[in-house]
Structure formats: C-alpha cells, structure tokens
Amino acid sequence: MTEIQTRLFRLQDTAYQAGSVKLNPSVDPDTIIGIRIPALRALAKELKGTDEAAGFITVLPHEYFEEYQLHGFLIGTIKDFDEALRQADRLLPYLNSWALTDSMRFKAFDRDPERLLPQIDRWLKDDHPYTVRYGILCLMNYFLDDRFKQEYPDRVSRVQSDEYYVRMMQAWYFATALAKQYDAVLPYLTGRRLAPWVHNKTIQKAVESYRITAEQKAYLRTLKVK
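Residues numbered from 1 in each chain as written. Predicted model: local features only at pLDDT ≥ 70, side-chain atom pairs only at ≥ 80, totals over all residues. Heavy atoms only, no water.

### A few points about the overall build of the protein chain
Logical step 1: Within the protein chain one finds 16 helices and zero strands.
Logical step 2: The C-alpha atoms of the protein chain give a radius of gyration of 19 Å, which matches the 17 Å a tight globule of 226 residues would have.
Logical step 3: Based on the C-alpha atoms only, the size of the protein chain along its principal axes is roughly 55 × 40 × 30 Å.
Logical step 4: The buried share of the protein chain, reckoned over its 226 residues, is 50%.
Logical step 5: As displayed, the protein chain has an accessible area near 11,400 Å², and 49% of this comes from carbon and sulfur atoms.
Logical step 6: For the protein chain, the centre of its 32 positive side-chain charges and the centre of its 30 negative side-chain charges are spaced 6 Å apart. (Helix = DSSP H or I, 4+ residues; strand = E, 2+ residues; numbered from the N terminus. Rg over C-alpha atoms; globule rule 2.2 N^0.38 Å. Buried < 20%, exposed > 50% of the residue type's maximum accessible area, 1.4 Å probe, protein only. Areas by Shrake-Rupley, 256 points an atom, 1.4 Å probe, with all protein chains shown as cover. Lys, Arg positive; Asp, Glu negative; His and termini not counted. Charge placed at Lys NZ, Arg CZ, Asp CG, Glu CD.)

### Description of the nonpolar core
Logical step 1: Membership of the largest hydrophobic core comes to 75 residues, with the highest contact counts inside it found for Leu70, Phe109 and Tyr173.
Logical step 2: Among residues more than four places away in sequence, those in contact with Phe109 are Phe81, Ala84, Leu85, Ala88, Leu116, Trp123, Tyr134 and Tyr142. (Core = buried A, V, L, I, M, F, W, Y, C linked by side-chain atoms within 4.5 Å. Contact = heavy atoms within 4.5 Å.)

### Thoughts on a positive patch on the surface
Logical step 1: Residues Lys45, Lys48, Lys79, Lys107 and Arg111 make up a contiguous surface patch of positive charge.
Logical step 2: Residue placement: Arg111 occurs in helix 8 (residues 107-111).
Logical step 3: For Arg111, a relative accessible area of 51% translates into the label exposed. (Patch = residues over 30% accessible without salt bridge, like charges linked within 9 Å, V, L, I, M, F, W, Y side chains within 5 Å. Salt bridge = Lys/Arg side-chain N within 4 Å of Asp/Glu carboxyl O.)

### Details of the packing of helix 5 (residues 65-75) against helix 6 (residues 81-91)
Logical step 1: Relative to each other, helix 5 and helix 6 sit at 165°, their axes nearing to 10 Å. Taken together, the axes of helix 5 and helix 6 lie roughly antiparallel to each other. In the packing of helix 5 onto helix 6, the handedness of the crossing is left-handed. Across the interface between the two elements, Tyr68, His71, Gly72 and Ile75 of helix 5 pack against Ala84, Gln87, Ala88 and Leu91 of helix 6.
Logical step 2: Taken together, the residues of the contact of helix 5 with helix 6 break down into five nonpolar, three polar and no charged. (Axes fitted to C-alpha atoms, helices over the stretch in contact; angles between N-to-C directions. Parallel < 35°, antiparallel > 145°, perpendicular 65-115°, else oblique. Left-handed = near helix turned anticlockwise from the far one by under 90°. Nonpolar A, V, L, I, M, F, W, Y, C, P; charged D, E, K, R; others polar.)

### Focus: helix 9 (residues 117-124)
Logical step 1: Listing the buried residues of helix 9 in full gives Leu117, Gln119, Ile120, Trp123 and Leu124. For helix 9, the angular spread of buried residues about the axis comes to 155°, placing them on one side.
Logical step 2: Those residues of helix 9 that are buried are in contact with helix 6, helix 8, helix 10 (129-142) and helix 11 (151-157). (Arc of directions from axis to C-beta.)

### Concerning the pattern of salt bridges
Any two side chains of opposite charge can pair, on the condition that their charged atoms come close.
Logical step 1: As enumerated under the stated definition, the model contains 12 salt bridges in all.
Logical step 2: Between Glu114 and Arg147 there is a salt bridge, with its nearest N and O atoms 3.6 Å apart. One end of the pair, Glu114, is in the loop between helix 8 and helix 9; the other, Arg147, is in the loop between helix 10 and helix 11, and 33 residues separate them in sequence.
Logical step 3: You can call Arg147 partly exposed: its relative accessible area is 32%.
Logical step 4: When the shortest N-O distance is used, the salt bridge between Lys180 and Asp145 registers 3.2 Å.

### Considering the packing of aromatic side chains
Where two aromatic rings form a pair, the distance of their centres and the angle of their planes describe that pair.
Logical step 1: Summed over all chains, the structure comprises 12 aromatic pairs.
Logical step 2: Three or more aromatic residues joined by ring pairs form one cluster here, namely Phe81, Phe106, Phe109, Trp123 and Tyr134.
Logical step 3: Positioned above the aromatic ring of Trp197 is the side chain of Arg167, whose terminal nitrogen or guanidinium carbon lies 4.5 Å from the ring centre. (Phe/Tyr/Trp six-rings, centres within 6.5 Å; stacked < 30°, edge-to-face > 60°. Lys NZ or Arg CZ within 6 Å of the ring centre and 35° of its normal.)

Rendered as structure tokens:
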C-alpha cells in the first residue's frame with residue numbers, strides 16, 4: 001500500500017462508503033474506500049505543491065475510486081492552463097463514474113474558459129462516455145450565462161450516445177439551459193431536435209427546477225413525446 005493510500009484509508013467512513021457504493025453503480029464496490037468530499041479536498045490542500053502530489057498525479061491507473069477523486073482535486077490546484085489541461089486529458093480516460101467527472105472543477109479553466117472550447121469539441125467526440133459527459137458539463141458550467149452562444153446547445157444536441165450517463169448529462173444541460181436561456185433553447189424541444197429519451201428527461205428535470213416558472217412548466221409538459 002502506498003503512503004497516499006494509507007492516508008486515504010485513515011479518512012474512511014464506513015457508513016458513507018455504503019452510500020457511495022449505491023450512488024456509483026458503474027464502479028467496483030471493492031475499490032470504494034468511503035471518504036467524504038470535504039476530507040478529500042482538505043487532503044488535496046495539504047498535498048498541494050509537494051513532491052508527493054507531483055508524483056501521485058503521474059501514476060495512472062489508480063487502484064481506488066478516491067484516488068481518482070484526489071487526483072482531480074490536485075489538478076484543480078494547478079494554476080497554469082496548459083498544464084491543467086494536459087493533466088485533465090490524461091485523467092479523463094480512466095474515469096468510470098459520473099461522481100468523478102462532476103466533481104472536477106479546475107481553477108485554471110475558470111480563469112479563461114474560451115481557451116477550453118477547442119478541447120471541449122474533442123471531448124464531445126470522444127469514445128469514452130465520461131469524457132463526453134465532462135465536455136458537456138464544461139459547456140453547462142461556463143457557457144450558459146454571459147458567454148452563451150447558440151452554437152453551444154447545437155453542439156450538445158449533436159452528441160449521439162446510448163450511454164445512460166451521457167444522455168442524462170445532455171438532459172441536465174438542456175434543463176439548466178431552459179432556466180437560463182429559455183427562448184433560445186426551447187426550439188430544441190418544440191422542434192424535437194433531441195433524442196426522445198433526452199427530450200423527455202429534459203422536460204422532467206426542467207419541471208422539477210425552481211428556476212422554471214409555473215407557466216413555463218405547464219407548457220413544457222405539453223411537449224412530452226411518446
């Protein structure tokens with residue numbers, strides 16, 4: 001067992017482990033230690049800038065789910081955009097859970113999201129479903145407010161996948177987009193430009209959102225497809 005693995009097991013919470021196993025059905029239960037996110041973030045902060053951290057993120061694949069989480073959090077501490085992108089690109093092919101992709105938020109990307117667009121295009125075309133999911137997540141996190149352009153939901157709508165966690169991410173994206181850019185995004189539903197499952201799941205998630213008005217929800221319900 002490595003030193004970092006030893007430190008991770010010291011943070012184990014067996015009650016949390018049981019819940020984490022249920023939330024991550026795509027992950028081998030034997031690889032889930034069971035560590036709460038604040039504890040992992042605190043460990044990443046402690047390791048930040050050390051030789052131990054630098055060595056840890058050079059080693060892939062990892063043995064445990066939480067090693068991948070810690071790996072992502074350590075990349076999040078990298079300030080240089082190009083280096084953060086290089087490290088993210090190395091890590092993404094090894095991720096096997098929505099919880100891993102969705103917890104990745106890198107400060108270097110936050111500072112200059114436009115530089116990420118060419119890479120997002122490549123991620124959306126990747127064969128690995130969790131890489132695709134992360135690409136959609138970036139479009140949702142960075143390009144639904146002041147940076148919004150019609151081409152971005154176009155890109156998400158063109159993603160074709162039978163993978164549950166990709167389609168769910170598409171629905172999450174469009175439901176969030178309805179809350180922020182309703183008039184621009186509604187035609188994807190009225191024009192039936194999404195796969196039927198994604199279309200209906202988008203409506204379900206939008207109707208559940210407190211950011212969608214009652215009138216909008218009533219209309220969205222009429223757009224469900226069989």
